[in-house]
Amino acid sequence: MESPWDELTLAFSRTSMFPFFDIAHYLVSLMAMKRQPGAVTVAWKNPFSSWFTAMLHCFGGGILSCILLAEPPVRFLANNTNILLASSIWYIIFFCPCDLVCQAYSFLPVQLLAAGMKEVTRTWKIVGGVTHANSYYKNGWIVMIAIGWARGAGGSIITNFEQLIKGTWKPEADEWLKMSYPSKVTLLGSVMFTFQHTKHLAISKHNLMFFYTVFLVATKITMMLTETSTVSFAPFEDALGRMLFGCHQRFSPRVKKSETKSNGTGSSTSKPTADASDKLKKKHSKKTE
């Protein structure tokens, strides 16, 4: 007989994301899209371009995972219900009279609820990506990690391609060069769920889903309440960098010292040569006189 805790986590892991959690995901993604400079103008002048960008924001993770697995990228269009739902939310966000949807979304409790529900969908996407990759490559954990990460955080990556087409892409904002907090935490989750799937992590799947989702929701709500855009992974990244690449960090100060010494000796040797050249010039001027 299962314990009440296992029954709770099992029921949580079997929760359906449609329609309420999917609505929260579309709402948060499209509201972030609307805050971008010029997004409202594009929606009025070229609605089809705005709608296509909205679909990339909503289904970018699925598109990227399909590309990585050599599946048709337009596969997401086959789900007519989700396409219609996301399109309806895009329409009421950009074309609702008196901007009522944005005014309702401006209340902090609504934002906290929607953001928390969106983080729940992130867990389900990572698990779905890991399981889907395992069906192609049995226990290929590198592929499983990549697909889980792409499914959970691919929206921010695939939109870089959309910005490149529009001419608004900036290298310093590239997810490959400077990963954001959602990309980092999704990669961490993909690694954990992959190790759990390959039996390298001694925890049940439903318990890991519960704990990871609680961590995501609590972190996101804390960030919104404290008005911080990121949660620093710097201590963990520094410790990992010293563990894996510590040799370079140990020898780098010595290299710098040797460079400073060489610069100092170079400047000291240059001074006598300059003085000698001045003396020669003076002697030559006296002889000419």
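Residues numbered from 1 in each chain as written. Predicted model: local features only at pLDDT ≥ 70, side-chain atom pairs only at ≥ 80, totals over all residues. Heavy atoms only, no water.

**Q** Outline the overall build of the protein, supporting the account with residue identities and numerical values.
**A** Along the backbone of the protein there are eleven helices and zero strands. Starting at the N terminus and ending at the C terminus, the protein contains elements arranged as α-α-α-α-α-α-α-α-α-α-α. A buried classification covers 37% of the 289 residues belonging to the protein. Put simply, the protein shows about 17,900 Å² of open surface, and 67% of that area lies on carbon and sulfur atoms. (Helix = DSSP H or I, 4+ residues; strand = E, 2+ residues; numbered from the N terminus. Buried < 20%, exposed > 50% of the residue type's maximum accessible area, 1.4 Å probe, protein only. Areas by Shrake-Rupley, 256 points an atom, 1.4 Å probe, with all protein chains shown as cover.)

**Q** Pulling in residues and values, what's your account of the pattern of salt bridges?
**A** Within the structure shown, the criterion is met by three salt bridges. For Glu71, the salt bridge identified is with Arg75, shortest N-O distance 2.7 Å. On the basis of relative accessibility, which here comes to 10%, the residue Glu71 falls in the buried class. Here Arg75 falls in the partly exposed class, since its relative accessible area comes to 45%. (Salt bridge = Lys/Arg side-chain N within 4 Å of Asp/Glu carboxyl O.)

**Q** So what's going on with the state of the cysteines? Residues and values would help.
**A** In this structure the tally under the stated criterion is zero disulfides. This cysteine, Cys96, is not joined by any disulfide, and Cys98 carries the nearest cysteine sulfur, 7.7 Å off. Judged by relative accessible area, which is 23%, Cys96 ranks as partly exposed. (Disulfide = S-S within 2.5 Å.)

**Q** Explain the side chain of Thr121 to me, using residue names and the numbers behind them.
**A** Within the secondary structure layout, Thr121 lies in helix α7 (residues 108-136). You can call Thr121 buried: its relative accessible area is 4%. Among the polar contacts made by the side chain of Thr121, one reaches the main-chain carbonyl oxygen of Lys118 at a distance of 2.4 Å. In this view, Thr121 contacts Met17, Phe21 and His25; residues no more than four positions away in its chain are not counted. (Polar contact = N/O pair within 3.5 Å; in protein donor to acceptor, adjacent residues only side chain to side chain. Contact = heavy atoms within 4.5 Å.)

**Q** Mind laying out helix α10 (residues 205-226), listing which residues take part and the relevant values?
**A** Between its first and last C-alpha, α10 extends 31 Å over 22 residues, near the 32 Å set by a 1.5 Å rise per residue. Residues of α10 that are buried include every one of His206, Asn207, Leu208, Met209, Phe210, Tyr212, Thr213, Leu216, Thr219 and Met223, and no others. On its buried face, α10 is in contact with α1 (4-13), α7 and α9 (181-197). Just beyond α10, the residue with positive phi is Glu227, at close to 55 degrees. (Expected span 1.5 Å × (residues − 1).)

**Q** Provide a residue-level description of the packing of aromatic side chains, including the pertinent values.
**A** Here the structure, examined in full by the defined rule, presents 14 aromatic pairs. Measuring from ring centre to ring centre gives 5.6 Å for Tyr26 and Phe59, while their planes differ by 55 degrees; the resulting arrangement is tilted. In this pair, Tyr26 is assigned in helix α2 (residues 20-34) and Phe59 in helix α4 (residues 47-68), connecting sequence segments 33 residues apart. Classification of Tyr26 as buried rests on a relative accessible area of 2%. Residue Phe59 is classed as buried on the basis of its relative accessible area of 12%. Taken together, a centroid distance of 5.5 Å and an interplanar angle of 80 degrees make the contact between Trp90 and Phe95 edge-to-face. In this structure Trp90 comes out as buried when scored by relative accessible area, which is 8%. (Phe/Tyr/Trp six-rings, centres within 6.5 Å; stacked < 30°, edge-to-face > 60°.)

**Q** Which residues make up the packing of α2 against helix α5 (residues 80-95), and what are the values?
**A** Where α2 contacts α5, the axes come no closer than 10 Å and their chain directions differ by 40 degrees. One finds that α2 runs oblique with respect to α5. Note that α2 runs across α5; the crossing there is right-handed. Facing α2, whose interface residues are Asp22, Ile23, Tyr26, Leu27, Leu30, Met31, Met33 and Lys34, α5 presents Asn82, Leu85, Ala86, Ile89, Trp90, Ile93 and Phe94. (Axes fitted to C-alpha atoms, helices over the stretch in contact; angles between N-to-C directions. Parallel < 35°, antiparallel > 145°, perpendicular 65-115°, else oblique. Left-handed = near helix turned anticlockwise from the far one by under 90°.)

**Q** Report on empty space enclosed by the protein, specifying residues and quantitative values.
**A** If you walk through the whole model with that rule in mind, you get one cavity of 30 Å³ or more. In this structure, the largest cavity is lined by Val127, Val130, Thr131, Phe193, Gln196, His197 and Lys205. Taken together, the residues that form the lining of the largest cavity break down as three nonpolar, three polar and one charged. (1 Å grid on protein atoms, 1.4 Å probe; cavity = no way out; pocket = protein on both sides within 12 Å on 5 of 7 lines; lining within 4 Å. Points joined across faces, edges and corners; volume = space filled by probe spheres on them. Nonpolar A, V, L, I, M, F, W, Y, C, P; charged D, E, K, R; others polar.)

**Q** Account for the nonpolar core, naming residues and giving values.
**A** Generally speaking, soluble globular proteins have nonpolar side chains that are buried together. With 27 residues, the main nonpolar core has Tyr26, Leu27, Leu30, Met55, Phe59, Ile93 and Phe94 as its most contacted residues. Those elements that provide at least two residues to this core are α2, α3 (39-45), α4, α5 and α6 (100-105). Looking at this core element by element, the count peaks at seven residues for α5. When residues no more than four places from it in sequence are discounted, the contact partners of Phe59 are Tyr26, Phe76, Asn82, Ile83 and Ala86. (Core = buried A, V, L, I, M, F, W, Y, C linked by side-chain atoms within 4.5 Å.)

**Q** Explain unusual backbone geometry residue by residue, including any values.
**A** The omega torsion across Phe18 and Pro19 is 0 degrees, close enough to zero to call that bond cis. Within the secondary structure, Pro19 is located in the loop between α1 and α2. Look at Asp99: it is not a glycine, yet its phi comes out positive at around 55 degrees. Residue placement: Asp99 occurs in the loop between α5 and α6. Accessibility expressed as a relative area gives 30% for Asp99, which makes it partly exposed. The phi torsion at Lys199 lies on the positive side, around 70 degrees, for a residue other than glycine. Checked against the element boundaries, Lys199 lands in the loop between α9 and α10.

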